[in-house]
Amino acid sequence: MTHIADMIIAHPRPSGHLEAGDLAAAIEACLDCVASCGSCADACLGEESIADLRHCIRTDQDCADICLATARMLQRQGGHHPAVLAPLLEACLQACRNCAEECERHASMHDHCRICAEACRRCEAACSTLLETLRTSGSSSH
């Protein structure tokens, strides 16, 4: 078990409509994606073909920002607001999808892009799982 999962379980008022394991996985995936995208953007800046990687750098930066915001919102256990959280998760998984697709275009030439794409795909999947849980629990509780 990770510290994030431990913190979710230890919270005095955990969010009842999100499964702790899925929530922890999404937070961890988002934070891993923040680090991977930041590192990828920095590595792209070090490449000789920097002009060819300009879009990749911007996509990395956008993805990192959205993943950080998503992770921070998911960490708040006092009561998630599905009307806010669902669109944020949708934006996060779309940003991850876009970034993964862009990095995959460069993955054969740049290992940092391959690694970043993998992190983005994991985050996309984790956010998708949590979003489905949120939608399912929202429809059954209203």
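Note that the structure is a prediction, hence the values are computed from the model and not measured.

Draft legend 1. Molecular detail of the overall build of the protein chain. Assigned secondary structure in the protein chain consists of five helices and zero strands. Listing each helix as α and each strand as β along the protein chain from the N terminus yields α-α-α-α-α. Taking 14 Å as the expected radius of gyration for a compact globule of 142 residues, we find that the protein chain reaches 16 Å, a close match to that expectation. For the protein chain, buried positions account for 41% of its 142 residues. Long-range contacts, defined here as pairs at least 24 residues apart, represent 72% of the contacts in the protein chain between residues at least 6 apart. Counting every atom, the protein chain has about 7600 Å² of accessible surface; 55% of that belongs to carbon and sulfur. Here the protein chain carries 11 positive and 20 negative side-chain charges, and the mean point of each set is 5 Å from the other.

Draft legend 2. Here's a closer look at the nonpolar core. Counting residues in hydrophobic clusters, the biggest one holds 42 residues, and the most contacted among them are C63, C120 and C123. Broken down by element, this core gets its largest block of residues, 11 residues, from helix α2 (residues 20-46). Once residues lying within four places of it in the same chain are set aside, the contact partners of C120 are C33, C37, C63, C96, C99 and A100.

Draft legend 3. The arrangement of the packing of helix α3 (residues 54-75) against helix α4 (residues 82-106) in detail. Two elements in contact, α3 and α4, have axes whose closest approach is 9 Å; the angle formed by their N-to-C orientations is 150°. On the basis of their axis angle, the class for α3 and α4 is roughly antiparallel. Like other packed secondary-structure pairs, α3 and α4 cross with a definite hand, here left-handed. Of the residues that constitute the contact of α3 with α4, the class distribution is 17 nonpolar, five polar and two charged.

Draft legend 4. Here's a closer look at the environment of G38. Within the fold, G38 resides in helix α2. On a C-alpha basis, the gap between G38 and P87 in space is 23 Å, while along the polypeptide they are 49 residues apart.

Draft legend 5. Seen up close, the pattern of salt bridges. For the structure shown, the criterion picks out eight salt bridges. R135 is paired through a salt bridge with E90; the nearest N and O atoms lie 2.0 Å apart. In this pair, R135 is assigned in helix α5 (residues 111-141) and E90 in helix α4, connecting sequence segments 45 residues apart. Residues joined in a network through salt bridges with shared partners are R97, E104, R121 and E124.

Draft legend 6. Broad picture of α3. With 22 residues, α3 extends 32 Å between its outermost C-alpha atoms, agreeing within 8% with the 32 Å of an ideal straight helix rising 1.5 Å per residue. The set of residues buried in α3 consists of C56, I57, T59, D60, C63, A64, C67, T70, A71 and L74. Looking down the long axis of α3, one finds its buried residues gathered within 160° of arc, a one-sided arrangement. For α3, exposure combined with an orientation more than 90 degrees from the buried face picks out R58 and D65.

Calculation notes
Residues numbered from 1 in each chain as written. Predicted model: local features only at pLDDT ≥ 70, side-chain atom pairs only at ≥ 80, totals over all residues. Heavy atoms only, no water. Helix = DSSP H or I, 4+ residues; strand = E, 2+ residues; numbered from the N terminus. Rg over C-alpha atoms; globule rule 2.2 N^0.38 Å. Buried < 20%, exposed > 50% of the residue type's maximum accessible area, 1.4 Å probe, protein only. Contact = heavy atoms within 4.5 Å. Areas by Shrake-Rupley, 256 points an atom, 1.4 Å probe, with all protein chains shown as cover. Lys, Arg positive; Asp, Glu negative; His and termini not counted. Charge placed at Lys NZ, Arg CZ, Asp CG, Glu CD. Core = buried A, V, L, I, M, F, W, Y, C linked by side-chain atoms within 4.5 Å. Axes fitted to C-alpha atoms, helices over the stretch in contact; angles between N-to-C directions. Parallel < 35°, antiparallel > 145°, perpendicular 65-115°, else oblique. Left-handed = near helix turned anticlockwise from the far one by under 90°. Nonpolar A, V, L, I, M, F, W, Y, C, P; charged D, E, K, R; others polar. Salt bridge = Lys/Arg side-chain N within 4 Å of Asp/Glu carboxyl O. Expected span 1.5 Å × (residues − 1). Arc of directions from axis to C-beta.

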